Amino acid sequence: GIQVEQSPPDLILQEGANSTLRCNFSDSVNNLQWFHQNPWGQLINLFYIPSGTKQNGRLSATTVATERYSLLYISSSQTTDSGVYFCAVGEAGGYNKLIFGAGTRLAVHP
Amino acid sequence: GAGVSQSPRYKVAKRGQDVALRCDPISGHVSLFWYQQALGQGPEFLTYFQNEAQLDKSGLPSDRFFAERPEGSVSTLKIQRTQQEDSAVYLCASSLTSGPYSGANVLTFGAGSRLTVL
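The paragraphs below set out a description of the structure included in this document.

Before going further, it helps to spend a moment on the layout of surface pockets. In this structure, the largest pocket occupies an estimated 540 Å³ of space. What lines the largest pocket is a set of 29 residues, and nearest its centre among them are Gln37(A), Gly41(A), Gln37(B), Leu39(B) and Arg114(B). Contributions of two or more residues to the lining of the largest pocket are made by strand 9 (83–91) and strand 11 (104–109) of chain A together with strand 9 (88–95) and strand 11 (113–117) of chain B. For the lining of the largest pocket, the element with the highest residue contribution is strand 11 of chain B, accounting for four residues. Its residues assigned to classes, the lining of the largest pocket comprises 14 nonpolar, twelve polar and three charged. One number sums up the size of the second largest pocket: a volume of about 270 Å³. Looking at the second largest pocket, it is lined by 17 residues, and the ones nearest its centre are Ile2(A), Ile99(A), Phe100(A), Pro43(B) and Glu44(B). Elements that contribute at least two residues to the lining of the second largest pocket include exactly strand 1 (4–7) and strand 10 (99–100) of chain A together with strand 5 (44–50) of chain B. Among the residues forming the lining of the second largest pocket, the class breakdown is eight nonpolar, five polar and four charged.

Residue and element names in this part refer to chain B. In space, the four strands of this open sheet follow the order 1-3-8-7, with antiparallel pairing throughout. Because the sheet does not close on itself, it has two edges, and the strands there are strand 1 (5–7) and strand 7 (65–68). On average, adjacent strands in this sheet sit at an angle of 15° to one another, irrespective of strand direction. Of the strand pairs in this sheet, strand 3 (residues 19–24) and strand 8 (residues 75–79) are connected by five bridges, and their pairing is antiparallel. Following the sheet pairing, Arg22 is matched in strand 8 by Thr76.

What counts and what doesn't
- Residues numbered from 1 in each chain as written.
- Chains lettered and ligands numbered in written order.
- Predicted model: local features only at pLDDT ≥ 70, side-chain atom pairs only at ≥ 80, totals over all residues.
- Heavy atoms only, no water.
- 1 Å grid on protein atoms, 1.4 Å probe; cavity = no way out; pocket = protein on both sides within 12 Å on 5 of 7 lines; lining within 4 Å.
- Points joined across faces, edges and corners; volume = space filled by probe spheres on them.
- Helix = DSSP H or I, 4+ residues; strand = E, 2+ residues; numbered from the N terminus.
- Nonpolar A, V, L, I, M, F, W, Y, C, P; charged D, E, K, R; others polar.
- Pairing = 2+ DSSP bridges.
- Axes fitted to C-alpha atoms, helices over the stretch in contact; angles between N-to-C directions.

Any functional reading would require information beyond the geometric quantities listed.
In structure tokens, the structure reads:
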């Protein structure tokens, strides 16, 4: 099955810093979503982005499907951005079953 | 409802007991997924329903795991004869449709049911 690799596994930032999280996947996808899991365990969808670029406030994401990677940018980080960021992909030709990466654990300190 | 509701939020079971976890998806959502998340790991797919039909159960780890969605809305994940390795958070998610290349594929997750098997 499709493999999803996220990097870095851990990231520590000072409040106000910018960061880039990467997601590589091993096969063609028809679905890619970024999620944030807060310290209480709730998974929140950030972007549905199988291709192209989207922005939402301080967050933006870019997926280059032909090169099989996606990037999540966090600008001017805040302590509330802390948590785990997951990339999840759906294989081309399938339904929207998502395969998750292992996540990037982000800690933002004041 | 406004979101995906899961119950119970926390369940402690003695090894060998049966447990049932409930998921109430967003009203009208066709697709429903169950995932298992072990501590420090990403969610792992268990099973998928399109309305009342269970179309994929390839992720269920053993025949002790059973899921149903008889009327195409509420779903129940049942684990028989629980083992310590079943301890995890069980997440339910729903989406409006199942077709590709559609923003209606966005998954909305519930808060999860944390199962601890002693």
